Amino acid sequence: MVNKASFTPEEWSRLVASPVVASMAITAADPGGLWSLLQESMSSGWALVEAKQSAQTAPS
């Protein structure tokens, strides 16, 4: 099983940041004004919160 110990500190840092970077890229790909930016940002934020919560409740 892959876990944090499987990565170097630099690789882990990039892995942790990648969902946020991907979210920003998706938002920037289709500029639709301020309202669209807010909607995309909130959507991405809630998806990250949900993923974190489901990872914490997943059986080890």
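Overview of the structure. (Residues numbered from 1 in each chain as written. Predicted model: local features only at pLDDT ≥ 70, side-chain atom pairs only at ≥ 80, totals over all residues. Heavy atoms only, no water.)

**Here's the deal with the overall build of the protein chain**
No. 1: Across its full length, the protein chain carries two helices and zero strands.
No. 2: Taking 2.2 N^0.38 as the reference for a compact globule, 60 residues should give roughly 10 Å; the C-alpha atoms of the protein chain span a radius of gyration of 15 Å, well beyond that estimate.
No. 3: Based on the C-alpha atoms only, the size of the protein chain along its principal axes is roughly 40 × 25 × 15 Å.
No. 4: Counting all 60 residues of the protein chain, 7% fall into the buried class. (Helix = DSSP H or I, 4+ residues; strand = E, 2+ residues; numbered from the N terminus. Rg over C-alpha atoms; globule rule 2.2 N^0.38 Å. Buried < 20%, exposed > 50% of the residue type's maximum accessible area, 1.4 Å probe, protein only.)

**Remarks on the packing of aromatic side chains**
No. 1: For the structure on display, the rule yields one aromatic pair.
No. 2: Ring geometry for Phe 7 versus Trp 12: centroids 5.8 Å apart, planes at 45°, classification tilted.
No. 3: A relative accessible area of 29% places Phe 7 in the partly exposed class. (Phe/Tyr/Trp six-rings, centres within 6.5 Å; stacked < 30°, edge-to-face > 60°.)

**Here we look at a nonpolar patch on the surface**
No. 1: Judged by side-chain polarity, Leu 34, Trp 35, Leu 37 and Leu 38 come together as a nonpolar surface patch covering roughly 460 Å² of accessible area.
No. 2: A relative accessible area of 61% means that Trp 35 is categorised as exposed. (Patch = residues over 30% accessible without salt bridge, like charges linked within 9 Å, V, L, I, M, F, W, Y side chains within 5 Å. Areas by Shrake-Rupley, 256 points an atom, 1.4 Å probe, with all protein chains shown as cover. Salt bridge = Lys/Arg side-chain N within 4 Å of Asp/Glu carboxyl O.)

**A look at the environment of Ser 23**
No. 1: The topology assignment puts Ser 23 in helix α1 (residues 9–29).
No. 2: Placed 24 residues apart in sequence, Ser 23 and Ala 47 show a C-alpha to C-alpha distance of 9.9 Å.

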